[in-house]
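As a plain string of letters, each chain reads:
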Amino acid sequence: MLNVPSQAFPAPSSQQRAASGGRSKVPLKQGRSLMDWIRLTKSGKDLTGLKGRLIEVTEEELIKHNKKDDCWVCIRGLVYNVSPYMEYHPGGEDELMRAAGSDGTDLFDQVHRWVNYESMLKECLVGRMAVKPVAVVKGILLKSQVSDLPAKEISPSYDWFQTESLVTVVIYTKQKDVDSESVIVDYQDGSFRAEVVIKDHSYLLHTELSHEIQEDITVRVAEKTGKVEIVLKKKDNVSWTYLGHPLENHNSFTAYRETGLYYRKCQLISKVDVTHDTKLYCMMLPPATHLQVPIGQHVYLKQTVAGTEIAKPYTPVLESLNSDLQEPLHPPDKYIYFMIKLYHTGHFTPHFDCLQIGDYVSLSSPEGNFKKSQLQELEELFLLAAGTGFTPMVKLLNYALTNITSLRKVKLMFFNKTEGDILWRNQLEQLADKERRFEVEFVLSEPTCEWTGKQGRISLPLLSEFVKRSVEDSRVLICICGPAPFTEQGIRLLKDLNFSQEEIHGFTAY
Ligand code: FAD
Ligand code: NAP
């Protein structure tokens, strides 16, 4: 629903524009650009009509503000008066009006979850939605609140105990498919936050601890029972009488997408050239954070540009594809690698590229809809990547080759403009030499006359030859990622080739 309000954002050629499902953009009037909006928000003008007062908004009140010149919208519990912003919104007034006087969270998430509306609209904040009474009994949510949960009803709960030097927080998820990747723990400025992702839901503990702790936190998961133990080291060996003061959404169990993105500050450790315009960046998580980005999922990186926070999604990769050829430079659980292409006129990447080693950038919790279970008992894995659409394939092909014993073949078809654009070409060729199950094929759209390989764009003839099953009825998965039109066209062609929905996974923003 909302967008970064710049006339040229995303640019006409921008991949983000295509990714947002062909939303129409309206021409903005002179003096209604992003910078004009920032100037207006900093001018001290009363943009809410409430003279700086924040109020509690009931549903009845919200509904009343549904006109262009009096338009309130609720996003994740916060209510904004978006009327002053109407003329600056690249999607136009009509798009904003779709959420007038109502909860626009879903609409917002559908279109651009990565836009930092809190920062963009902070001067338009009217207040919070009035809270309805919540039915919590002894820290366990009542069944009625989890009615939209997957088949088996689950009500996670928690407990804690202590020794002289340790505090152990135990979360009983009662789910079998919880693993270390499902648990995200942060401790920042006295606030302890532990989130367990259970299918499409998230159980959250969020408290201001009663005493200080040290920064090394241990997480243990008993996968069979779904019991999660988070071991905290006390700073002082004193007895705690209570765990802490509950903070926002403590002991809540909600749909993951409703929880909002949580960010922590990470430090840039290294940046290394991959090609002429793409670099491998290594980020270090804070010492008291436990976070592992699952295969096929992405995070948002966020930085402040011209006084406004901008966040964009990026898919972590490995330090290298041939990890057994060299010792990892950094232990994998504290470091996250990103392969990021620089767009000189982009809104985010030029600023990101200016970061110096040691600088900080905010990194969100992961999201994405790829599940490792899609790889179970797989016999053939086909990967179709274009440009930086290669990034989700990195961990995926490494995991598949290492862990899926049924796998007979992994084939990557990698589309790029020129030879100089191919990411990790040497590593891919080395892997293909070393690993007989892996094959790679490069396709160039702008080759030189010396190029003897395949050329062109994604097409039926290219695909029909490439994604052939080697055995009739073999269990296959085809993963595709690149510019949104590339991914969409690829999926259409694969369907024309009679692959089923379950056999195709397109990587998209959500
Ligand atoms: P944008 O501002 O979005 O611009 C993008 C394009 O528009 C560029 O071609 C730019 O040159 C052009 N442009 C911008 N402004 C103008 C202008 N005024 N006039 C003309 N042209 C203009 N990218 C990666 O590199 N690595 C990843 O791992 C990765 N993972 C992703 C995961 C997901 C789920 C998604 C959806 C995207 C991912 N991306 C990744 C893309 C990334 O999120 C950004 O879209 C990308 O980095 C561009 O951001 P930007 O703000 O710098 O460019
Ligand atoms: P690029 O260099 O512009 O293009 C890479 C290749 O894709 C080129 O061969 C190009 O051919 C082809 N291509 C581009 N648009 C196409 C289209 N409409 N139809 C068919 N082929 C097309 O790519 P890039 O700049 O690296 O961009 C990568 C994209 O991947 C970005 O949009 C990024 O958002 C996306 N991405 C998504 C994820 C995710 O998880 N969803 C992860 C990483 C990256 P031409 O030369 O003919 O254009």
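Residues numbered from 1 in each chain as written. Chains lettered and ligands numbered in written order. Predicted model: local features only at pLDDT ≥ 70, side-chain atom pairs only at ≥ 80, totals over all residues. Heavy atoms only, no water.

S.K.: Outline the sheet that holds strand β9 (residues 157–162), listing residues and values.
M.R.: Taken together, four strands build an open sheet; the order of strands is β9-β10-β15-β14 and the sheet is antiparallel. The sheet terminates laterally at β9 and β14 (218–222), the two strands that pair on one side only. The average angle at which neighbouring strand axes cross in this sheet is 20°, direction not considered. Strand direction decides the pairing type here: strand β10 (residues 166–172) and strand β15 (residues 227–233), joined by seven bridges, are antiparallel. By the bridge assignment for β15, V169 is matched with I230. (Pairing = 2+ DSSP bridges. Helix = DSSP H or I, 4+ residues; strand = E, 2+ residues; numbered from the N terminus. Axes fitted to C-alpha atoms, helices over the stretch in contact; angles between N-to-C directions.)

S.K.: Go over helix α2 (residues 34–41) with me, naming the residues and quoting the values.
M.R.: Of all eight residues in α2, six are buried, a share of seventy percent or more. Among all positions in α2, only L34, D36, W37, I38, L40 and T41 are buried. Residues of α2 that are buried sit in contact with α6 (117–120) and β21 (308–314). (Buried < 20%, exposed > 50% of the residue type's maximum accessible area, 1.4 Å probe, protein only. Contact = heavy atoms within 4.5 Å.)

S.K.: So what's going on with the packing of aromatic side chains? Which residues, and what values?
M.R.: Scanning the model with the defined rule gives 12 aromatic pairs in all. Ring geometry for F414 against F442: centres 6.4 Å apart, planes inclined by 45°, an arrangement best described as tilted. Here F414, found in strand β26 (residues 409–416), pairs with F442, found in strand β27 (residues 438–444); they are 28 residues apart in sequence, far enough to count as distant. Of the residues examined, F442 reaches a relative accessible area of 7% and is grouped as buried. By the ring-pair criterion, three or more aromatic residues cluster together here, those being Y281, Y314, F348 and F352. If you follow R193 out to its NZ or CZ, it ends over the ring of Y262, 4.0 Å from the centre. The ring of F466 carries the charged tip of K411 above its face, separated from the ring centre by 4.7 Å. (Phe/Tyr/Trp six-rings, centres within 6.5 Å; stacked < 30°, edge-to-face > 60°. Lys NZ or Arg CZ within 6 Å of the ring centre and 35° of its normal.)

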